[in-house]
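# Chain and residue survey
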Amino acid sequence: MHAEATRKISMAAGISPSQSDQATILLLGHGLNLFVETMGLLVKGLFDVSAHLLRPLMETQSLVYACAGREDFAARLMEEEGEPLKAAGARKLFVAHVRTEDEDLADDLDRILSDDADAANDLSHVKLLHGDKPTKVEAGKVTPVAWGIRDPAEAVRQSQAALSQEHRLLVSLKAFRAQVVGQQWIKELDGMDIRLVKHMKLDRTS
C-alpha cells in the first residue's frame, strides 16, 4: 500500500510538482526503504541493528504528515537555507491539529508520541542495550550470537513500534492525498485496522 500510494502521488504530481508533492514523494521513498529494511532485520533476528532504525521511522512519519499537509513546511524541508523542518515540530503540529477536534485525545497522543520519541532516541545511540539483544542465555551462561538470534518477544516489540509508525504515515496520506490514492486504497487501509490492533495487543514478554 505504501508503494502503491507513492506511485499514485508521483504520477499525479506530474512534471511540475509542488513543494509539498516533492517533499512527500521523497519522504515516502525513504520511509518505504526504512520500513522494509526494519522488518527484514527483525525476520533475520538482527534486533540490535533494527533498533537503530526506529527513530528515523518515527521522524519520517512525522515529516510526511507535515509536508503532505502544508506547503510551507514542505518548502522548509526542500530548501537547504533557512530554518530546517524537524520531526519534533511536525509532531507538535499533529497534536495541535487533533486538539482542535478532541482535547482529551490530543493529550493522550502527546503523551504517547513523547514516550515513543524518548524510546526511539534512546535506541538510536549505541549502548549496552544493543549488545545485550543478540545474546543467548542458557544454564546461567550468556553467549553473544552473530548474524541473528531467535527472540519472538523482541520481534513483537520492535514490529509493533515499526508498524505503528507505518500506519500513521499511511493515515497521513488518507488525510491529505485522499483524492489521489483513491477510495479503494482508503478502504483497504481502513480494513487493516482490526489486524493492526490485534498485533499491537500481542504479549511483548513471552
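A separate point is the packing of helix α4 (residues 54–69) against helix α6 (residues 87–99). A pair of packed helices can be characterised by two numbers: the angle between their axes and the separation between those axes. Where α4 contacts α6, the axes come no closer than 8 Å and their chain directions differ by 55 degrees. What the angle tells us is that α4 and α6 run oblique. Remark: the crossing between α4 and α6 carries left-handed chirality. Each of Met-58, Glu-59, Ser-62, Leu-63, Tyr-65 and Ala-66 in α4 lies in contact with α6, whose residues at this interface are Ala-87, Ala-90, Arg-91, Leu-93, Phe-94 and His-97.

Following the sequence through the fold, Asp-21 ends up in helix α2 (residues 19–44). A distance of 3.1 Å separates a polar atom in the side chain of Asp-21 from a polar atom in the side chain of Arg-177. Those residues in contact with Asp-21, other than ones at most four positions away along the chain, are Ile-9, Ala-13 and Arg-177.

By the bridge criterion, four bridges tie strand β1 (residues 135–138) to strand β2 (residues 141–144) in an arrangement that is antiparallel. From the neighbouring strand, Lys-136 faces β2, where its bridge partner is Thr-143. In this structure, the hairpin formed by β1 and β2 is closed by a connection of two residues, where Ala-139 is found at a positive phi of approximately 50 degrees.

In this section: the nonpolar core. Counting residues in hydrophobic clusters, the biggest one holds 23 residues, and the most contacted among them are Leu-173 and Trp-185. When residues of this core are traced back to their parent elements, those giving at least two are α1 (2–13), α2, α4, α5 (71–78), α6, α9 (152–176) and α11 (183–191). No other element matches the five residues that α4 contributes to this core. With residues up to four places along the chain from it excluded, the contact list for Leu-173 reads Ala-5, Ile-9, Thr-24, Leu-28, Val-64, Ala-178, Val-181 and Trp-185.

Moving on, we get to the packing of α1 against α2. Where α1 meets α2, the closest approach of the two axes is 10 Å, and the angle between their N-to-C directions is 155 degrees. Looking at the two axes, α1 sits roughly antiparallel to α2. Pair α1 / α2 crosses with left-handed handedness. Residues His-2, Ala-3, Thr-6, Ile-9, Ser-10 and Ala-13 of α1 pack against Asp-21, Thr-24, Ile-25, Leu-28, Gly-31 and Leu-32 of α2. Here the contact of α1 with α2 is composed, by residue class, of six nonpolar, five polar and one charged.

Taken together, Glu-101, Asp-102, Asp-104 and Asp-108 make up a surface patch of like negative charges. By relative accessible area, which is 33% here, Asp-102 ends up partly exposed.

Before going further, it helps to spend a moment on the packing of aromatic side chains. Evaluated as defined, the whole model comprises two aromatic pairs. With centroids separated by 5.0 Å and ring planes inclined at 75 degrees, the aromatic side chains of Tyr-65 and Phe-94 adopt a geometry described as edge-to-face. Taken together, the positions of Tyr-65 in helix α4 and Phe-94 in helix α6 put the pair 29 residues apart, joining distant regions of the chain. Judged by its relative accessible area of 8%, Tyr-65 falls in the buried class. Seen from their ring centres, Tyr-65 and Phe-176 are 5.2 Å apart, and the 65 degrees between their planes marks the pair as edge-to-face. On the criterion of sequence distance, the pair formed by Tyr-65 in helix α4 and Phe-176 in helix α9 is long-range, its members being 111 residues apart. Using a relative accessible area of 29% as the deciding quantity, one classes Phe-176 as partly exposed.

Thresholds applied
Residues numbered from 1 in each chain as written. Predicted model: local features only at pLDDT ≥ 70, side-chain atom pairs only at ≥ 80, totals over all residues. Heavy atoms only, no water. Axes fitted to C-alpha atoms, helices over the stretch in contact; angles between N-to-C directions. Helix = DSSP H or I, 4+ residues; strand = E, 2+ residues; numbered from the N terminus. Parallel < 35°, antiparallel > 145°, perpendicular 65-115°, else oblique. Left-handed = near helix turned anticlockwise from the far one by under 90°. Contact = heavy atoms within 4.5 Å. Polar contact = N/O pair within 3.5 Å; in protein donor to acceptor, adjacent residues only side chain to side chain. Pairing = 2+ DSSP bridges. Core = buried A, V, L, I, M, F, W, Y, C linked by side-chain atoms within 4.5 Å. Buried < 20%, exposed > 50% of the residue type's maximum accessible area, 1.4 Å probe, protein only. Nonpolar A, V, L, I, M, F, W, Y, C, P; charged D, E, K, R; others polar. Patch = residues over 30% accessible without salt bridge, like charges linked within 9 Å, V, L, I, M, F, W, Y side chains within 5 Å. Areas by Shrake-Rupley, 256 points an atom, 1.4 Å probe, with all protein chains shown as cover. Salt bridge = Lys/Arg side-chain N within 4 Å of Asp/Glu carboxyl O. Lys, Arg positive; Asp, Glu negative; His and termini not counted. Charge placed at Lys NZ, Arg CZ, Asp CG, Glu CD. Phe/Tyr/Trp six-rings, centres within 6.5 Å; stacked < 30°, edge-to-face > 60°.

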